[in-house]
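Observations on the three-dimensional arrangement
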Amino acid sequence: MESQDLRKAGLKVTHPRMRVLELLEQTKPRHMTAEDIYRALLEHGDEIGLATVYRVLTQFEAAGLVLKHNFEGGHAVYELDRGDHHDHMVDIDTGKVIEFQSSEIEKLQREVAAKHGYEIEEHALVLYVRKKR
């Protein structure tokens, strides 16, 4: 994403918006809290306040640039909306978020909805997991 993506989303190109966008594109893991983003900006010498980070993320979410996830037991995390559907596993001990795709699970979900007379408009699947011991 670049400055034209911000303009297409109806947002003015500003330094804080560009820096948050760059961080979300380049950083691993792909799921970051607002505090993670704020700390990374400070580490890179950017004087962008936490309130500004929250404001930018809210604007990005409203514009459809980022997805916000509220996984249980943690803070909201953000990721760029790359347009590819995927589901998540959350390690309940570490908070690590793992993305996965499964055509079998997607098919089964459609079948379950159809069996009840529905079709899926949108869904989010989150598995809360723990490493086997």
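It should be noted that the structure appears before, not after, this text.
About the criteria used
Residues numbered from 1 in each chain as written. Predicted model: local features only at pLDDT ≥ 70, side-chain atom pairs only at ≥ 80, totals over all residues. Heavy atoms only, no water. Helix = DSSP H or I, 4+ residues; strand = E, 2+ residues; numbered from the N terminus. Buried < 20%, exposed > 50% of the residue type's maximum accessible area, 1.4 Å probe, protein only. Areas by Shrake-Rupley, 256 points an atom, 1.4 Å probe, with all protein chains shown as cover. Lys, Arg positive; Asp, Glu negative; His and termini not counted. Charge placed at Lys NZ, Arg CZ, Asp CG, Glu CD. Core = buried A, V, L, I, M, F, W, Y, C linked by side-chain atoms within 4.5 Å. Contact = heavy atoms within 4.5 Å. Polar contact = N/O pair within 3.5 Å; in protein donor to acceptor, adjacent residues only side chain to side chain. Pairing = 2+ DSSP bridges. Expected span 1.5 Å × (residues − 1). Axes fitted to C-alpha atoms, helices over the stretch in contact; angles between N-to-C directions. Salt bridge = Lys/Arg side-chain N within 4 Å of Asp/Glu carboxyl O.

Moving on: the overall build of the protein chain. Within the protein chain, the secondary structure is distributed over five helices and five strands. The helix and strand sequence of the protein chain, counted from the amino end, reads α-α-α-α-β-β-β-β-α-β. Principal-axis analysis of the C-alpha atoms gives the protein chain an extent of 50 × 40 × 20 Å. By residue count, 33% of the 133 residues in the protein chain fall in the buried class. Accessible surface, the protein chain as shown: approximately 8,900 Å² in total, 51% of it carbon and sulfur. Computed over 19 positive and 24 negative side-chain charges, the inter-centroid distance for the protein chain is 2 Å.

So, about the nonpolar core. The biggest cluster of nonpolar side chains holds 22 residues, and the ones touching the most others in it are V20, L24, I37, L57 and F60. Ranked by residue count, the leading element in this core is helix α2 (residues 15–26), at five residues. Those residues in contact with V20 that sit more than four places away from it in its chain are I37, L41, V56, L57 and F60.

Right, let's talk about the side chain of S102 for a bit. With respect to the helices and strands, S102 occurs in the loop between β4 (97–100) and α5 (103–115). Engagement of the side chain of S102 in a polar contact is seen with the backbone nitrogen of I105, the distance being 3.1 Å.

Moving on: the pairing of strand β2 (residues 77–80). Residues of β2 alternate between two faces, with V77 and E79 on one and Y78 and L80 on the opposite face, all of them buried. Pairing between strand β1 (residues 66–69) and β2: four bridges, direction antiparallel. In the sheet register, K68 faces β2, and the bridge partner there is Y78.

When the terminal C-alpha atoms of α5 are compared, their 18 Å separation across 13 residues agrees well with the 18 Å that a helix rising 1.5 Å per residue should span. Where the residues of α5 are buried, they touch β3 (87–91). G117, located one to two residues past α5, shows a positive phi value of around 85°.

Moving on to the sheet that holds strand β5 (residues 126–129). Taken in spatial order, the three strands line up as β4-β3-β5 in an open sheet, and their pairing is mixed. Looking at strand neighbours, the two that pair on one side only are β4 and β5, the edges of this open sheet. Ignoring strand direction, the axes of neighbouring strands in this sheet form an average angle of 25°. Two strands pair when backbone bridges link them, and β3 and β5 are joined in this way by four bridges, in the parallel orientation. Looking at the pairing, D91 lines up with V129 of β5.

This next bit is on the side chain of R17. Looking at the element boundaries, R17 is found in helix α2. Buried charge without a salt bridge: R17, with E22 as the nearest opposite-charge side chain at an N-O distance of 13 Å. There is a polar contact of 3.1 Å between the side chain of R17 and the side chain of Q59. In this structure, R17 is in contact with L6, L11, K12, V56, Q59 and F60, ignoring residues within four places of it in sequence.

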